[in-house]
Amino acid sequence: MDRTSSFEDQLGALLPQLRRFAHALSWDAADADDLVQATLERALRSKRQWQPGTRLDSWTYRIMRNLWIDTARSRSRKAKLEAPATEAELVGEDPRGAMDAAIDLKRMMTAMQKLPDEQREVVALILIEGFGYREVCEMLDLPMGTVSSRLVRGRTRLLALVGEQ
Amino acid sequence: MTVPDEKFFAWLDGELPAAEAAAVEAEVAKSPALTRAAEQHRALRGRLRAAFDTVVAQPVPQSLRQPAEVIDFGAAKRVRDHRRWGSPAQWAAIAATLIIGVFIGTMTAAPGSGPVEVRGGHLYAASALSGALDNELASASVTGPVRIGMTFRDRSGSICRTFTDPQSSGLACRDGPDWKLRGLFAVPEGQGGTYRMAGGMDPNLAALVDSAIAGEPLDAAQERAAMSKGWK
């Protein structure tokens, strides 16, 4: 029973960073928290498949990433519907004016949405979540060359989108 | 650039061994373009972290502190066995009435291509579904449309597995070399592909599992062992 409660406690302790990762993947805060919710449900249901002694954070991030991939179709539909408003918003803002990090969040989320899914997840895991390249290769079952080239393309595009002037 | 992009960024991210890092650093110091790129990308990373760290600083919404309808099968079954509410047969009967005939019709429409086929009056998994049931571990990442949920033995000792694809979820149990379907439930209209549906198990499926399961679900090691023995 101790192990059970510690799994749940550990998962609870990951909540703030799981929300951060979800925000990096998602269109808006509501989508992000839906994704976190789904991830928690799945993680709790699958807890016997987690091997104690291995990293719970990587395991849970992987669940979240898989759930997120599952929803790719509805996401691209939504992005198409909402894209025009977002373009207008981006054009209208002075990037240097948006120094306040909280204001910058919406802007960064919008820019992340413009990356292809496979670049966005790598940028989120390495640049935002701070995982090492090797950890991300294992988490995503990808070779190093693929991860590093996606990271190059993703961050270069992102800089072009939000870059300082 | 005199340094390949991948190497430049690996240096910037602290991923290079010391000797290589020193070499890249020297190249960057010589090149105003690289120096500028390094500054811009450091600033970008700092800005990304600062922006997304505001999420960490926010209070976690109460709804996430109490995940809704999480089903711990082991615990749920212990409670049920203890209190003896409802008979398994009753649960199965309720669940079985909810399998939708029309839906099955669409799933089997094109012989040889649907995820389900009918043989001798029984439904069996076919194509991508049987492939996933044979080869996917619940703990592994998924490449196809079908995701495996949990694996367990039923009261007769057969291996059973739950699965989800974008249109349906269900339970299949080993029948010789095949996977015989015990239940198949359509994803409710309008819910396909939403995060919530992807995460939550259909309550009908949950009831069916509860009526079929003997003991605890298999853990990752047991699941792998069962797969290596051909799910016998």
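The structure displayed is predicted, hence computed values, not measured ones.

**Describing the packing of aromatic side chains**
Counted by the stated rule, this structure contains seven aromatic pairs over all chains. Plain terms: the ring middles of A:Phe7 and A:Trp59 are 5.9 Å apart, the flat faces sit at 75 degrees to each other, and that makes the pair edge-to-face. One end of the pair, A:Phe7, is in helix H1 (residues 2–25); the other, A:Trp59, is in helix H3 (residues 56–70), and 52 residues separate them in sequence. A:Trp59 gets classed as buried once you look at its relative accessible area, which sits at 14%. Ring plane angle 80 degrees and centroid distance 5.0 Å describe the contact between A:Tyr61 and A:Phe131, whose orientation is recorded as edge-to-face. Here A:Tyr61, found in helix H3, pairs with A:Phe131, found in the loop between helix H6 (117–128) and helix H7 (133–140); they are 70 residues apart in sequence, far enough to count as distant. For A:Phe131, a relative accessible area of 5% puts it in the buried group. One aromatic cluster is present, built from ring pairs that chain together A:Phe7, A:Trp50 and A:Trp59. Stacked on the ring of A:Trp27, the Lys or Arg A:Lys106 has its end atom at 5.9 Å from the ring centre. One Lys or Arg, B:Arg174, reaches over the ring of B:Trp179 and ends 4.9 Å from the middle of that ring.

**Focus on the nonpolar core**
Soluble globular proteins: nonpolar side chains tend toward being buried together. Residues A:Met112, B:Phe8, B:Trp11, B:Leu48 and B:Phe52 are the most contacted members of the largest nonpolar core, which totals 70 residues. Take this core: its biggest share by element is nine residues, from H1(A). Beyond its immediate stretch of four places on either side in the chain, B:Trp11 contacts B:Leu16, B:Ala21, B:Val24, B:Glu25, B:Val28, B:Ala38 and B:Arg42. Core analysis: the second largest hydrophobic core is formed by 17 residues, B:Val146, B:Ile159, B:Leu181 and B:Trp231 among them.

**A closer look at the packing of H7(A) against helix H8 (residues 144–162) of chain A**
Residues and elements named next belong to chain A. Packing of H7 against H8 brings their axes to within 9 Å, and their N-to-C directions diverge by 110 degrees. Taken as axis vectors, H7 and H8 run roughly perpendicular relative to one another. Between H7, through Tyr-133, Arg-134, Val-136 and Cys-137, and H8, the contact on the second element is made entirely by Met-144, Val-147, Ser-148, Leu-151 and Arg-155. Taken together, the residues that form the contact of H7 with H8 break down as six nonpolar, one polar and two charged.

**Observations regarding the state of the cysteines**
Residue and element names in this part refer to chain B. Summed over all chains, the structure comprises one disulfide over all chains. Cys-160 shares a disulfide with Cys-173; S-S distance 2.1 Å. As the torsion about the S-S bond is roughly 110 degrees, the Cys-160-Cys-173 disulfide counts as right-handed. With Cys-160 in strand S4 (residues 159–164) and Cys-173 in strand S5 (residues 168–175), this residue pair connects regions lying 13 residues apart in the sequence. Assigned by exposure class, Cys-160 and Cys-173 land together as buried.

**Some thoughts on helix H10 (residues 203–212) of chain B**
Three- or four-residue spacings in an α-helix give side chains the same orientation, since the helix completes a turn every 3.6 residues. Burial runs high along H10(B): eight of the 10 residues are buried. The set of residues buried in H10(B) consists of B:Leu205, B:Ala206, B:Ala207, B:Leu208, B:Val209, B:Asp210, B:Ser211 and B:Ala212.

**Quick notes on the pattern of salt bridges**
Taken as a whole, this structure holds 19 salt bridges over all chains when the rule is applied. Here A:Arg120 and A:Asp117 are joined by a salt bridge, their closest N and O atoms 3.0 Å apart. On the criterion of helical spacing, the pair formed by A:Arg120 and A:Asp117 is a turn pair, its members being three residues apart in helix H6. The exposure class of A:Asp117 is partly exposed, given its relative accessible area of 22%. The network of salt bridges with shared partners includes A:Arg20, A:Glu129 and B:Asp53.

**Overview of the confidence of the model for chain B**
Residues and elements named next belong to chain B. With 71% of its residues at a pLDDT of 70 or more, chain B shows a mean pLDDT of 76. Averaged over each element, pLDDT in chain B is lowest for helix H9 (residues 195–199) (37) and highest for helix H1 (residues 5–12) (96). Here residues 79–87 is modelled with pLDDT under 50, and outside its nearest four sequence neighbours on either side it reaches six contacts, counting other chains as well. Long-range and interchain partners of residues 192–199, a stretch whose pLDDT sits below 50, account for 24 contacts in this model, where long-range means more than four residues apart. Note on the complex model: pTM 0.56, ipTM 0.84.

Conventions adopted
What you see as residue numbers is a count from 1 along each chain, following the sequence as written. Chain labels run from A onward and ligand labels from 1 onward, assigned in the order the entries are written. Residue-level local features of this predicted model are given only where pLDDT is at least 70; pairs of side-chain atoms are given and counted only at 80 or more, and the full residue set underlies all totals for whole chains, interfaces and linings. To obtain the side-chain values, all non-hydrogen atoms of the structure were used and water was disregarded. Two aromatic rings, drawn from Phe, Tyr or Trp (for Trp, its six-membered ring), form a pair once their centres lie within 6.5 Å of each other, and the interplanar angle then sorts them: stacked below 30 degrees, edge-to-face above 60, tilted otherwise. Secondary structure elements follow DSSP: runs of H or I no shorter than four residues count as helices, runs of E no shorter than two count as strands, and numbering proceeds from the N terminus. Accessibility here uses a 1.4 Å probe with only protein chains present; expressed as a share of the type maximum, an area under 20% marks a residue as buried, one over 50% as exposed, and anything in between as partly exposed. For a lysine, the NZ atom is tested; for an arginine, the CZ atom; a charge sits over a ring if that atom is within 6 Å of the ring centre and within 35 degrees of the ring normal. Throughout, nonpolar core names a set of buried Ala, Val, Leu, Ile, Met, Phe, Trp, Tyr and Cys residues whose side chains join them through atoms within 4.5 Å. In what follows, residue pairs with any heavy atoms lying within 4.5 Å of each other are defined as contacts. The axes are straight lines fitted to the C-alpha atoms, using for helices just the contacting stretch, and the angles between their N-to-C directions are given from 0 to 180°. When describing relative orientation, an angle under 35 degrees is termed roughly parallel and one over 145 degrees roughly antiparallel, while 65 to 115 degrees is termed roughly perpendicular and anything else oblique. Amino acids are sorted into nonpolar (Ala, Val, Leu, Ile, Met, Phe, Trp, Tyr, Cys and Pro), charged (Asp, Glu, Lys and Arg) and polar (every other residue, Gly among them). Only a pair of cysteine sulfur atoms within 2.5 Å qualifies as a disulfide here. Throughout this description, the term salt bridge denotes a Lys or Arg side-chain nitrogen within 4 Å of a carboxyl oxygen of Asp or Glu. On a scale of 0 to 100, pLDDT captures the predictor's confidence in every residue.

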